[in-house]
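The residues making up each chain are set out below.
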Amino acid sequence: MTAIALVTADACVEDDLDMPPLLEACRIQSIDVEVCAWDDPRVDWSQYGAVVLRSPWDYVDRIAQFLAWCDHVSAVSELFNPLAAVRWSLDKHYLLDLADRGIPVVPTRFIEPAHAPAAAVIDFLADFPQAADFVIKPAIGCYSRGIQRFARHQTDAAIDHIAHLASNNASVVLQPYLPAIDKTGETNLVFFDGVYSHAICKSALLGQDGAVNVPTYDYRSPREADAAERTVATAALEAARSHLGLRRPLLYARVDLIRGHDNTPRLLELEIAEPSLSLPLTDKGATRFAQSLDRLVMVNQGA
Ligand SMILES: Nc1ncnc2c1ncn2[C@@H]1O[C@H](COP(=O)(O)OP(=O)(O)O)[C@@H](O)[C@H]1O
Ligand SMILES: [Mg+2]
């Protein structure tokens, strides 16, 4: 097989701390990879046997262009994860599909552009009397963009924030703030080919004072996921695979869980488009990812 493209962006390659250990693991295992920027017009994507999304993170302000690029790559090569998985997972509405399949997700309501924000917030707070605080975020977003935490008495500020997010026709997510995150953080479980590799603890990013932090390595530490977390994460990946009708497990996936009021793990996010995998915090993660890329080579060669 021809080389595998590892996709980044010029503006993001320095922030991609997974890339150096992954490249080193590929070098050790003699896997032919090349790092490419998704928006580099000089790249002929058809020359790659597989095109693997890693850190094209500057697409957030030009999603339509990025998705058109994904369409093109899928047509001329093999995109990983597959196009359907990328498209589906970029919009947090996927949480509803997973809830329908029995996955315990963080309680989630959507406010669509046609909905009146004030009524939606009042209904939400009535339905979640236990929630001292709540969270508002855009349905399409990442890296804490557009997210805000409010106390339940801050309804006016919350409605303003929803109106701000909805001003360009965006859907908005409402969730109770799950306070367990302040004690135990969230657990991010990383899988390659559907097999658990490693996990990290990510400490809480949203302050009571309205501070919104981004998940730099200062907020991450290694953690072993427990049996309950692995069970929920594995079920979420199976549900995603079945929803998307995928033949193979996802090449890579990150499953983010927070404990609910009953202390059981609940799905916050399924990151299957271009997740940061915290490879520098684990011994074996990069090796396992490279082994999965190697299996890809063998499958493509019909081995
Ligand atoms: N319902 C929630 N309860 C507690 N913390 C939350 C909740 N939703 C989001 N957060 C915090 O905000 C961060 C970013 O939210 P997330 O849903 O992961 O969106 P994204 O990563 O796509 O911006 C999380 O890592 C977590 O710290
Ligand atoms: Mg997140």
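Procedures and definitions
Residues numbered from 1 in each chain as written. Chains lettered and ligands numbered in written order. Predicted model: local features only at pLDDT ≥ 70, side-chain atom pairs only at ≥ 80, totals over all residues. Heavy atoms only, no water. Helix = DSSP H or I, 4+ residues; strand = E, 2+ residues; numbered from the N terminus. Domains from an automatic or database assignment. Contact = heavy atoms within 4.5 Å. Buried area = accessible area lost by both parts, 1.4 Å probe. Polar contact = N/O pair within 3.5 Å; in protein donor to acceptor, adjacent residues only side chain to side chain. Pairing = 2+ DSSP bridges. Axes fitted to C-alpha atoms, helices over the stretch in contact; angles between N-to-C directions.

### Comments concerning the environment of Asp160
Alright, step 1. Note that Asp160 resides in helix 6 (residues 155–166).
Alright, step 2. With 19 residues separating them in the primary sequence, Asp160 and Pro179 have C-alpha atoms 24 Å apart.

### Describing the domain arrangement of the protein chain
Alright, step 1. One can read the domain layout of the protein chain as domain 1 (4–81 + 291–300), domain 2 (94–104 + 180–272) and domain 3 (109–176).
Alright, step 2. Placing a centre on the C-alpha atoms of domain 2 and another on those of domain 3 gives a separation of 21 Å.
Alright, step 3. Counting residues at the interface gives 15 residues for domain 2 and 11 residues for domain 3.
Alright, step 4. Counting each side, the surface lost to burial between domain 2 and domain 3 is near 1100 Å², with a carbon and sulfur contribution of 59%.
Alright, step 5. Taken as a group, Leu206, Val212 and His261 account for 38% of the area that domain 2 buries against domain 3, more than any other trio of residues on that side.
Alright, step 6. Linking domain 2 with domain 3 are 2 residue pairs in polar contact (both at pLDDT 80 or more), by the criterion used here.

### Details of the sheet that holds strand 1 (residues 4–8)
Alright, step 1. Strand order in this open sheet of 4 strands is 2-1-3-4, and the pairing throughout is parallel. With one partner strand each, in any of the chains shown, strand 2 (33–37) and strand 4 (79–80) form the two edges of the open sheet.
Alright, step 2. As paired strands, strand 1 and strand 3 (residues 50–53) are joined by 4 bridges and run parallel to one another. Within strand 3, the residue paired with Ala5 across the bridge is Val51.
Alright, step 3. Along the sheet, helix 9 (residues 285–300) contacts strand 1, strand 2, strand 3 and strand 4; its crossing angle with strand 1, the most-contacted strand, is approximately 135 degrees.

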